[in-house]
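# Tertiary structure, described
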Amino acid sequence: MAYGSNFIPLVNDPATLAAFGSSPIAGTENGVQEFLAITWSLSVEEHFYLFWPLLVFIFARNLSKVVLVVCALALGSRLLILLNTENWPLTTNMATFCRMDSLAIGSLLAWYCRTPDFDIQLWRQTAKYTLFCGLPLVSLYLVLVGGRGDPGFAVVGYTVNALVFAALLAIIVEKKSGILKRIFESKGLVTLGKYSYGLYLYHTLIWFLVGKFRAAELNPDGSIREPEHFNPFFGSMLWDAPLRMLLVLGIAMAVTWLSFHLFEQRFLSLKKYFGSK
């Protein structure tokens, strides 16, 4: 429960402060959260997996209905946040009770394909129609209207987005061949997936450290943020931006590789003691 970075926008929201007084973590949006914000999605996962196994154990025969209830609660939570807070774009995107529908939908796939009632035709048809109807809808909405800063997407879009990606995953898992199978099982994507956890966690810290070593930040209006420390690579932002990206990516990949083989792999090896029988 110590994972709480995903609740920082809600705790520091003016509506929360008005209801409960001063926040013990006020100001962390630009301080602590610079490093903790990247862990928001991990917080959602940790919170979800605290109660999901219990739901599976108790409601195994009616898990599809439980997932519908979870989705309804997430939709209702996002609507309440939208109507009552100022930081709703961040809170609806990050708070556990607002995003638990996405994990529940993915978990339902993993559960259903292991049940005696598994119907391959139903799996194929549902996945196909969900993907080919939902993907154009989500894509057009994002391009023409907007993402998490749009009220419609903030309330409904996350659930639809989760259904689309669940359908894509269902198609890839079931197919034995095809272009999607070849793309998502390509060596590059498999390698990236293998190291993605560490890469996700480390890249923000490395970006920050590179910035301290070689500052070259601009304000939104294009002015220099810290003129006394401004030192872009080769004296030009035209060169600095791509070189900085490549440098951070290279360092992050190296750190991630070391972390995976020296640290993460030791914990992953413990999975053999928790496999299903």
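For the structure itself, consult the block above.
What comes next is a walk through the structure. Given the structure is predicted, the values throughout are model-derived calculations rather than measurements.

With that settled, the discussion passes to the overall build of the chain. Of the regular secondary structure elements, the chain holds 12 helices and zero strands. Going from the N terminus to the C terminus, the chain shows its helices and strands as α-α-α-α-α-α-α-α-α-α-α-α. Taking the principal axes of its C-alpha atoms as reference, the chain extends roughly 65 × 50 × 45 Å. Here the chain holds 277 residues, and the buried ones make up 32% of them. Considering only residue pairs separated by 6 or more positions, the chain has 66% of its internal contacts joining residues 24 or more positions apart. Roughly 17700 Å² of accessible area belongs to the chain as shown, and the carbon and sulfur atoms make up 69% of that amount. Between the centroid of the 22 positive side chains of the chain and the centroid of its 18 negative side chains there is a distance of 15 Å.

To continue, consider the pattern of salt bridges. For the structure on display, the rule yields four salt bridges. Two residues, glutamate 174 and arginine 124, come together in a salt bridge whose shortest N-O distance is 2.7 Å. Of this pair, glutamate 174 sits in helix H9 (residues 151–174) while arginine 124 sits in helix H8 (residues 120–144), and the two are 50 residues apart along the sequence. Judged by relative accessible area, which is 36%, arginine 124 ranks as partly exposed. A salt bridge links aspartate 240 to arginine 244, with the nearest nitrogen and oxygen atoms 2.8 Å apart.

A few words now on the side chain of threonine 91. On the secondary structure map, threonine 91 appears in helix H6 (residues 88–94). Residue threonine 91 is classed as buried on the basis of its relative accessible area, which comes to 1%. With residues near it in sequence (within four places) discarded, threonine 91 still touches Pro9, Leu10, Ile81 and Cys98.

Okay, a nonpolar patch on the surface next. Nonpolar side chains collect at one region of the surface, where Trp257, Leu258, Leu262, Phe263, Phe267, Leu270, Tyr273 and Phe274 lie side by side and expose about 970 Å² of accessible area between them. Counting through the fold element by element, leucine 262 comes out in helix H12 (residues 237–268).

Attention now goes to H12. The sharpest bend along H12 measures roughly 45 degrees and falls at phenylalanine 260. By the burial criterion, the buried members of H12 are Asp240, Arg244, Val248, Ala252, Thr256, Ser259, Phe260 and Glu264. Lining the buried residues of H12 we find helix H11 (187–213).

A word on the nonpolar core. Counting residues in hydrophobic clusters, the biggest one holds 28 residues, and the most contacted among them are Phe48, Trp52, Val67, Ala104, Ile105 and Leu131. Looking at this core, the elements with two or more residues in it are helix H4 (40–58), helix H5 (63–84), helix H7 (96–112), H8 and H9. Leaving out residues up to four positions away in the same chain, phenylalanine 48 has contacts with Met100, Leu103, Ala104 and Ser107. Core analysis: the next-biggest nonpolar cluster, separate from the first, contains eight residues, Leu82, Trp88, Ala154 and Val155 among them.

This part covers H11. In this model, H11 (27 residues) spans only 34 Å end to end at C-alpha, well below the 39 Å of a helix rising 1.5 Å per residue. In H11, a bend of some 60 degrees at serine 196 exceeds every other bend along the element. Where H11 is concerned, the buried positions are Tyr195, Gly198, Leu199, Ile206 and Val210.

This part is about the layout of surface pockets. Reported here for the largest pocket is a volume of approximately 1100 Å³. Taken together, 29 residues make up the lining of the largest pocket; nearest its centre are Glu45, Tyr49, Leu103, Gly106 and Ser107. Of all the secondary-structure elements, those providing two or more residues to the lining of the largest pocket are H4, H7 and H9. Counting residues per element, the lining of the largest pocket draws most heavily on H4, which supplies 10 residues.

What counts as what
- Residues numbered from 1 in each chain as written.
- Predicted model: local features only at pLDDT ≥ 70, side-chain atom pairs only at ≥ 80, totals over all residues.
- Heavy atoms only, no water.
- Helix = DSSP H or I, 4+ residues; strand = E, 2+ residues; numbered from the N terminus.
- Buried < 20%, exposed > 50% of the residue type's maximum accessible area, 1.4 Å probe, protein only.
- Contact = heavy atoms within 4.5 Å.
- Areas by Shrake-Rupley, 256 points an atom, 1.4 Å probe, with all protein chains shown as cover.
- Lys, Arg positive; Asp, Glu negative; His and termini not counted.
- Charge placed at Lys NZ, Arg CZ, Asp CG, Glu CD.
- Salt bridge = Lys/Arg side-chain N within 4 Å of Asp/Glu carboxyl O.
- Patch = residues over 30% accessible without salt bridge, like charges linked within 9 Å, V, L, I, M, F, W, Y side chains within 5 Å.
- Bend = angle between axes of the 7 residues up to and from the residue.
- Core = buried A, V, L, I, M, F, W, Y, C linked by side-chain atoms within 4.5 Å.
- Expected span 1.5 Å × (residues − 1).
- 1 Å grid on protein atoms, 1.4 Å probe; cavity = no way out; pocket = protein on both sides within 12 Å on 5 of 7 lines; lining within 4 Å.
- Points joined across faces, edges and corners; volume = space filled by probe spheres on them.

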